[in-house]
Amino acid sequence: MASRPPGMERQPGGCGIAGCIDVRGGKISGDTIAKMITTMGERENGLGAGYVGYGIFPDRRDEYCLQFLFDNEDAKTRTEEFLKDNVYITGDERVYTRKVSTLDPPYPLVWRFFAIAKEKLDWPRGPIFDPDDRIVELAMQINTEVDGAFCVSSGKDMAVFKGCGYSHEIAEFFDISRYEGSMWLSHSRFPTNSPGWWAGAHPISILDWSVCHNGEITSYGVNKKLVEMEGYKCSLLTDTEVIIYIWDMLVRRHGLPIPTAAFAMAPWYYPLIEGMDEKSKKLATWLRIVYKEAFLNGPFSILVGRREPETTMIAMADRKKLRPLIAGTSEKKDVIFAASEECAIRAVDTKAWTWTADAGSPVIAQRGKGLIRSGLEHPFKGVME
């Protein structure tokens, strides 16, 4: 038949991502990031959106903040009892939310616990002494075994605010304007191959890491096997989950510098590696062999946030640059931006200077150091010097 099937309507679009960091230690209002992401309204369809703020709990900056979505009070009680056995709870509170007329109920109960890790965690595979590893295990244990409970973020001095709705609805639901932080990342969602649900919305987070993703990871199967061999548990029904575990594994656990980890995830093609100098060629080849399962195939652009050892924003596209990503800096160079579209940056800073990074090359901005990489450098610049 030559005519279009009745009732079928194409919904063009794609996820939207936006982020900003004040590299000189200033604060950015939640209103700013909300304005950035909602400006790209055509990139979402109401099936998920979210925000992550860093530096939003300055009075508790050395305590873990475990933020949860609960189906009911019973799930909260069971989670709290589990936490009491494994961490020192220093405080807890209901996360402020408000009714949004266009957001369909039921809404989850949103709660946060502030905690300090105990000296060790006795686990079936043996005691865990590293405090960050203990928090990772606890979050994954709760997410896979406590019905009706989901830990959406577990880092220090940061928290994730997300849900199933449009970005303007989620901003209103959490009253994101009440927060000020040194860095914000955000996401608006247009799901292509995974369900839209509150915990599955972006940002995806573990510890102080968070990621917002536009695209599709076609290598999800092999990536999932890699992170599961390292003890991570995939429970979010989305390909994006493996990205954040790979960043945590490569940088925090294996000690790779951020540019090196980025290369492992989006490596150069072998003919291009042949043209590198000998030291770079040796490192690039080693990364492609040792971390071949960390290679993220498929189209993507990502924003990644981290708090340790200093608040850092990473913006990177896949090695073919099949998803849009643009970076920018304010006139005084004190705020660094990244987004799917330039309009998101112009919406909050009409004088910003913008550029596009090379495919697969990370833009890195860090509080206290400014713009470390523009994404136009050699992949190992600063790594072997």
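See the structure printed just above.
Rules used throughout
- Residues numbered from 1 in each chain as written.
- Predicted model: local features only at pLDDT ≥ 70, side-chain atom pairs only at ≥ 80, totals over all residues.
- Heavy atoms only, no water.
- Buried < 20%, exposed > 50% of the residue type's maximum accessible area, 1.4 Å probe, protein only.
- Helix = DSSP H or I, 4+ residues; strand = E, 2+ residues; numbered from the N terminus.
- Pairing = 2+ DSSP bridges.
- Axes fitted to C-alpha atoms, helices over the stretch in contact; angles between N-to-C directions.
- Parallel < 35°, antiparallel > 145°, perpendicular 65-115°, else oblique.
- Left-handed = near helix turned anticlockwise from the far one by under 90°.
- Contact = heavy atoms within 4.5 Å.
- Patch = residues over 30% accessible without salt bridge, like charges linked within 9 Å, V, L, I, M, F, W, Y side chains within 5 Å.
- Areas by Shrake-Rupley, 256 points an atom, 1.4 Å probe, with all protein chains shown as cover.
- Salt bridge = Lys/Arg side-chain N within 4 Å of Asp/Glu carboxyl O.
- Phe/Tyr/Trp six-rings, centres within 6.5 Å; stacked < 30°, edge-to-face > 60°.
- Lys NZ or Arg CZ within 6 Å of the ring centre and 35° of its normal.

### Structural notes on the pairing of strand S12 (residues 209–215)
Moving on, step 1. Counting buried positions over the 7 residues of S12 gives 7, a clear majority of the element.
Moving on, step 2. Sheet topology note: the strand S11 (residues 204–206)/S12 ladder contains 3 bridges and is antiparallel. In the sheet register, Ile 206 faces S12, and the bridge partner there is Trp 209.
Moving on, step 3. The hairpin formed by S11 and S12 contains 2 residues between the paired strands, and Leu 207 there has a positive phi angle of roughly 55°.
Moving on, step 4. Across 6 bridges, S12 lies against strand S13 (residues 300–306) in antiparallel orientation. Bridge pairing in S13 places Val 211 opposite Val 304.

### Observations concerning the packing of helix H3 (residues 131–145) against helix H6 (residues 240–253)
Moving on, step 1. Packing of H3 against H6 leaves a shortest axis separation of 13 Å and a crossing angle of 165°. What the angle tells us is that H3 and H6 run roughly antiparallel. When you trace H3 past H6, the crossing you get is left-handed. Residues Asp 132, Asp 133, Val 136 and Met 140 of H3 touch H6, and the partners they reach there are Tyr 245, Arg 252 and Arg 253.

### Structural notes on a nonpolar patch on the surface
Moving on, step 1. Together, Tyr 270, Trp 286, Ile 289 and Val 290 give the surface a local cluster of nonpolar side chains, amounting to about 400 Å² of exposed area.
Moving on, step 2. Per-element tally for the nonpolar patch: the top contributor is helix H9 (residues 278–290), with 3 residues.
Moving on, step 3. Position of Trp 286 relative to the elements: it lies in helix H9.

### A short note on the sheet that holds S12
Moving on, step 1. The strand order across the open sheet formed by 6 strands is S11-S12-S13-S14-S18-S19, and the pairing between neighbours is antiparallel. A single partner strand is all that each edge strand has here, and the edge strands are S11 and strand S19 (370–373). Taken pair by pair, the neighbouring strands of this sheet meet at an average axis angle of 20°, ignoring direction.
Moving on, step 2. The pairing of S13 with strand S14 (residues 312–317) spans 6 bridges and is classified as antiparallel. Residue pairing for S14: Ile 302 is matched across the bridge by Met 316.
Moving on, step 3. Docked against the sheet, H6 engages S11, S12, S13 and S14, running at close to 135° with respect to S12.

### Focus on the environment of Gln 141
Moving on, step 1. Position of Gln 141 relative to the elements: it lies in helix H3.
Moving on, step 2. In sequence terms Gln 141 and Val 87 are 54 residues apart; their C-alpha atoms lie 14 Å from each other.
Moving on, step 3. Setting aside its immediate chain neighbours within four residues, Gln 141 contacts Phe 82, Trp 123, Val 146 and Lys 233.

### A few points about the sheet that holds strand S4 (residues 64–70)
Moving on, step 1. Strands sit in the order S5-S6-S4-S7 across an open sheet of 4 strands; the sheet is antiparallel. Each edge of the open sheet is held by one strand with a lone partner, namely strand S5 (87–94) and strand S7 (149–153). Taken over all neighbouring pairs, the strand axes of this sheet differ in orientation by 30° on average, direction set aside.
Moving on, step 2. In this structure, S5 lies alongside strand S6 (residues 109–117), joined through 7 bridges in antiparallel fashion. Note that in S6 the partner of Asp 92 across the bridge is Phe 113.

### What about the pattern of salt bridges?
Moving on, step 1. A full pass over the atoms with the stated rule returns 21 salt bridges.
Moving on, step 2. Of the charged contacts, one joins Glu 63 and Arg 60 as a salt bridge, the two residues approaching to 2.8 Å between their closest N and O atoms.
Moving on, step 3. For Glu 63, a relative accessible area of 16% puts it in the buried group.
Moving on, step 4. Assessed through its relative accessible area of 27%, Arg 60 is described here as partly exposed.
Moving on, step 5. Two residues, Glu 342 and Arg 346, come together in a salt bridge whose shortest N-O distance is 2.8 Å.

### Considerations on the side chain of Arg 134
Moving on, step 1. Note on placement: Arg 134 falls in helix H3.
Moving on, step 2. The buried category is assigned to Arg 134, whose relative accessible area is 5%.
Moving on, step 3. Those residues in contact with Arg 134, other than ones at most four positions away along the chain, are Ala 117, Lys 118, Glu 119, Lys 120, Leu 121, Ile 128 and Phe 129.

### Here's the deal with the packing of aromatic side chains
To describe a pair of aromatic rings, one takes the distance between the centres and the angle between the planes.
Moving on, step 1. According to the stated counting rule, one finds 15 aromatic pairs in the structure shown.
Moving on, step 2. Taking 5.5 Å as the distance between ring centres and 70° as the angle between the ring planes, the aromatic pair formed by Phe 161 and Phe 174 counts as edge-to-face. Note that Phe 161 is positioned in strand S8 (residues 158–163) and Phe 174 in the loop between helix H4 (167–173) and strand S9 (180–181), a separation of 13 residues in sequence. The same class applies to Phe 161 as to Phe 174, namely buried.
Moving on, step 3. An aromatic cluster of at least three residues, connected via ring pairs, comprises Tyr 107, Phe 161, Phe 173, Phe 174, Tyr 179 and Trp 198.
Moving on, step 4. Here Lys 76 stacks its cationic end above the ring of Trp 111, 4.4 Å away from the centre of that ring.
Moving on, step 5. Over the aromatic face of Tyr 64 sits the side chain of Lys 156, whose NZ or CZ is 4.8 Å from the ring centroid.

Take it as geometry only, folks, not as evidence of what the structure does.
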